[in-house]
Amino acid sequence: MNNLTRYTFFLLFISLPIISVFSNKPHVINLQKARYKADNKNWSIDQDERGVMYFGNDIGLLEFDGIEWKLNRIPNSLTARSVAVQSHNTIFTGSYEEFGRWDRDISGKLIYTSLSDQLDKALFKNDDFWKIWIAEDCVYFQSFSSIYIYDFETVKPLRAEKEFLFLSKVRDEFLVQQMLGPIYRLKGSTLTKIEGSEIFRNTDVRVILPYSTDKYLIGTSTNGIYIYDGISFNEWNPQLSATLNSAELNCGIRASDGTYFLGTILNGIYQVDQNGHIKDNISTESTLQNNTILSLYEDDLGNIWAALDKGISYIQYIENISCYTDQRGNTGAVYGAALWKDKLFIGTNQGVFSITKEDLNKPYALSRMKLVNGTQGQVWALKVIGEKLYCCHNKGLKEIQANGASVDVYNIGTGVYNISEAIYKDRSLLFLSTYQSLKIIDRETKKVFDPRQISEPIINADVDHLGNIWLEHFNRGIYRCKLEDNLSGFQTFSYYGGSNKDNLPYKLKMFKVGGRIVLLGNNKFFTYDDIANKIIPNTLLDECFRNIKNLKQVIHIQNNIFWALTDASVYKFSYDGYEANILESYNLGMNLSLVNTYENISILNDSTSLICLDNGFLLYQKEKSTSNNYQHKLPLPYLASLETMSTSGDVEYKGISQAAQIPYDSNTISFSFSAENAFASNFSFQYMLQNVDNNWSAPAKINEVTYARLPEGKYVFMIRSVDNLGNYSEIVSYEFEILSPWYQTIGAYIVYILIFIAIMYGVWLLILRRYRNLHLQKIRHRETKRLRALTGELQQEVEQKSAELLTQTSFIIQKNELILKVKDIIDEFYSRNKSSALIPLYQKINALLNNNLNTEDDWKTFLLKFEEKHTGFFKKMKALYPQLTNNDLRLCACLKLNLETKEIASLMNLSIRAVENSRYRLRKKLNLLPSQNLNEFFLDID
């Protein structure tokens, strides 16, 4: 980050004091606890290459990426006494009877692996591991009883005759004091005693730091601080030693600017220069929340983190800015200031306070300020005009004299908001903005003029290049006036804003640029067009501040340089009427705010400005030219993890080293991201997912974003950091693909094609079957018609056969009956006329009749006709009843024809009784029951 500006931004889950320091003037902010206990001890601090901070804490290993706190608990909920970072992916911690390593998995979470499990726990029973140092080829874990060396495969103990205190690393060397004894140099697994270090017997060496290029700074708890040049030990600064002995030195670091930060048990942190002189003491007197400092660490930006017996503090340096804040409210809110006669005068809501330049650079400067008698009450502004210092007070206009007294001047009779010099028609005037109206003082005659046409509270007054007097109302619009030549009143005046139906903001602020008045309201700028005699937008300034919201006030510094103020930031910019550029920007951070509705910056001189706060002030001192802050290249974001979640809630993490292919049923994805030094730097993040988001998201201080139920396709997730001026970092992008659902994969499409082919084949078979059925139906219809015709023919033939059979049977029966009648007539005639002559004739006739009565030809004809109608009848009867004789079969045929007994007797030339007997014998042969009808039996046989 550019050293021009360091921002303070706070988004914490534990009670975290934030200290912003310039010229040893810290500002401490205590944040309320939210997730982790504020009263926890914090034992050690370290940082990885991505700027992520790690804290060894009573409840575990705390991890802070500048946005989110994460707690990593050690097994058995042990305290993390020590922490050492090898990389973002590997961290080592030491605890009670336990030490190990943390490795980051694909989800970004730290997974703990115990290294002490390789050893017998009895070796370090009741031991805490207080220090961890990483060498090129090993890691040292130090407890009071021993040092353990981890070569990234195995752990080996390093034993000594006596116990150790604290292992320290100075440049590439490792030094450790034997408990209440001399100091040893550790190289590999060998301890070498440093000659002359016996002077540290009976005291604790708490700090060993680099001094100069090849010397050592050795600090003890109660026996002072020494310089070791490789030969001898010499006390560094007796006065410093005495101070630290009474506070009990506990820890320390050498900062990148060459100064030393020394933490004590009893009195906070001492900042010491290279000569051993105390530059500052940061303690509970400056609202540090605890005086017991357990560890100190300097981050990549040169800011200091302090692990306290209660919480964590952050000391941040802001170049060009020195912070003077009074958390106790003894001085009140600051409304204005002036530098006069080598003293700084501060106007507050309690009165005017003064402090010398020398005292201003001492610790606890605000407590050295002195109240100027007679100024008690609300002070609105302090102005140096000529050789005089004027105080705009609630009780009127006061002049502060060189002897420190204050007197009322000009008998204004009302409260004064502001005072300004003006040249009007070659007359030197003072414009007084008062509670009641504008008052004008002629500096030569000392006469006070009171134009009464505008009896309103005026907070600011100025004159433009045309001689127009501009008056800013305390709560609403702006007046543009023309003074009478005798200053007694206004010739004319116009009113702008304040619901005047001129489409201007209700409340307007004014400042002057090169003789012209510029107005500010609702985050827009306006200029008076004297030709058109109306207020018009100032597009140059609007464009310059397009990304800045909540502009409150603009203060002129010198020439074409100005301050612009929002509710939480200040901007230094240039504007000459033709070009506008922001030169510097400063974010005030949380709980470090301007005075609401009366935001102000007092210009002390060309290089020094005082930013008024509601609990103190910021002193801006431009000592050298630096590049514009807003042109600084913002840190590049990095992706930490990619999480996918299925519809059933199952979570899976994907590697981000290459493009991921994500199953469709896990299409809810979350990206975790951050950037280096996200905590100390004033920037936010913007993200966009191509093919989903049409525009970049609104800037936000977040580290995770989720997209739910993404459809299939290829995506590019883009993220960038953005500051409050709208400047962007380079875009970091990540490509991934949501795979098609199983029913849209190539395999599925192949299955669909096969199913389609099968369906089409099935349809074809159905159609073919349909046509076959239709064809068969046609064939069957034709066949049915043919069969019906054939059946008709057969039926006709059967009927014909039946008729023929019936005819033949009737013929035979009638013939036999006729023959029998003829025979009976002949027999009767012969019996009456017996004559021998008639005997031959009788015999011939009788023989002829008998031959015609029993002829086989008739039966053959009958049987032939019967067989034509009842085909196979005789074969079936013979097969079923082999015992049947030919006569039986003939009787069966007669019964089949349903002939009566008389007809059967006539047909078979038998008597009726003989037929009855034949029927009886036939029933027996057929095994018919008495209840069965013989005729019906034969009718059922086909």
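Residues numbered from 1 in each chain as written. Predicted model: local features only at pLDDT ≥ 70, side-chain atom pairs only at ≥ 80, totals over all residues. Heavy atoms only, no water.

Comments concerning empty space enclosed by the protein
If a probe the size of a water molecule is rolled over the atoms, the empty space left behind becomes visible.
Right, on to step 1. Tallied over the entire structure, the rule returns 4 cavities of 30 Å³ or more.
Right, on to step 2. Here the largest cavity defines a volume of roughly 80 Å³.
Right, on to step 3. Considering the residues around the largest cavity, the lining is formed by 13 residues, among which Gly51, Met53, Trp305, Asn677 and Phe679 are closest to the centre.
Right, on to step 4. For the lining of the largest cavity, the per-class residue count stands at 7 nonpolar, 4 polar and 2 charged. (1 Å grid on protein atoms, 1.4 Å probe; cavity = no way out; pocket = protein on both sides within 12 Å on 5 of 7 lines; lining within 4 Å. Points joined across faces, edges and corners; volume = space filled by probe spheres on them. Nonpolar A, V, L, I, M, F, W, Y, C, P; charged D, E, K, R; others polar.)

Quick look at the side chain of Ser697
Right, on to step 1. Within the secondary structure, Ser697 sits in the loop between β62 (684-689) and β63 (704-707).
Right, on to step 2. Not counting chain neighbours up to four residues away, the residues in contact with Ser697 comprise Phe685, Gln686 and Tyr687. (Helix = DSSP H or I, 4+ residues; strand = E, 2+ residues; numbered from the N terminus. Contact = heavy atoms within 4.5 Å.)

Concerning the sheet that holds strand β42 (residues 448-449)
Right, on to step 1. Spatially, the 4 strands line up as an open sheet ordered β39-β40-β41-β42, and their pairing is antiparallel. This sheet does not close on itself; its edge strands, each paired only once, are β39 (416-424) and β42.
Right, on to step 2. As judged from the 2 bridges shared by strand β41 (residues 438-442) and β42, these two strands associate in the antiparallel manner. In the sheet register, Ile440 faces β42, and the bridge partner there is Phe449. (Pairing = 2+ DSSP bridges.)

With respect to the packing of helix α8 (residues 886-896) against helix α10 (residues 912-926)
Right, on to step 1. Between α8 and α10, the least distance of the axes is 11 Å, while the angle of their chain directions is 100°. Looking at the two axes, α8 sits roughly perpendicular to α10. For the pair α8 and α10, contact is made by Asp888, Leu891, Cys892 and Leu895 and by Ser918, Arg919, Leu922 and Lys925, respectively.
Right, on to step 2. A breakdown of the residues in the contact of α8 with α10 according to their chemical character gives 4 nonpolar, 1 polar and 3 charged. (Axes fitted to C-alpha atoms, helices over the stretch in contact; angles between N-to-C directions. Parallel < 35°, antiparallel > 145°, perpendicular 65-115°, else oblique.)

Points about the side chain of His88
Right, on to step 1. Along the polypeptide, His88 turns up in the loop between β7 (82-87) and β8 (90-95).
Right, on to step 2. In this structure the side chain of His88 is engaged in a polar contact, spanning 2.7 Å, whose partner is the side chain of Asp48. (Polar contact = N/O pair within 3.5 Å; in protein donor to acceptor, adjacent residues only side chain to side chain.)

Quick word on the sheet that holds strand β46 (residues 490-496)
Right, on to step 1. The strand order across the open sheet built from 4 strands is β43-β44-β45-β46, with neighbouring strands paired in antiparallel fashion. Each edge of the open sheet is held by one strand with a lone partner, namely β43 (458-463) and β46. Going from strand to strand, the sheet's axes swing by 20° on average, the running direction of each strand aside.
Right, on to step 2. With 6 bridges connecting them, strand β45 (residues 478-483) and β46 associate as antiparallel partners. For Arg480, the partnering residue across the bridge sits in β46 and is Ser494.

Some words on the packing of aromatic side chains
Right, on to step 1. Counting across every chain of the model gives 62 aromatic pairs.
Right, on to step 2. Connected via pairs of aromatic rings, a cluster forms that spans Phe671, Phe673, Phe683, Phe685, Tyr687, Tyr707, Tyr715, Phe717, Tyr734 and Phe736.
Right, on to step 3. Across the ring face of Tyr638, the terminal group of Arg50 is positioned such that the distance to the ring centre comes to 4.1 Å.
Right, on to step 4. The positively charged end of Arg171 is found above the aromatic ring belonging to Tyr216, 5.2 Å away from the centroid. (Phe/Tyr/Trp six-rings, centres within 6.5 Å; stacked < 30°, edge-to-face > 60°. Lys NZ or Arg CZ within 6 Å of the ring centre and 35° of its normal.)

Quick notes on the nonpolar core
Right, on to step 1. Counting 28 residues, the largest nonpolar core has Phe873, Met877, Leu884, Ile904, Leu922, Leu926 and Phe938 as its most contacted members.
Right, on to step 2. Among the elements that take part in this core, α8 stands out by supplying 6 residues, more than any other.
Right, on to step 3. The residues contacting Leu926, other than those within four sequence positions of it, are Met877, Tyr881, Leu884, Leu934, Phe937 and Phe938.
Right, on to step 4. Among the nonpolar cores identified, the runner-up in size contains 25 residues, and Ile662, Phe673, Tyr707 and Phe736 belong to it. (Core = buried A, V, L, I, M, F, W, Y, C linked by side-chain atoms within 4.5 Å. Buried < 20%, exposed > 50% of the residue type's maximum accessible area, 1.4 Å probe, protein only.)

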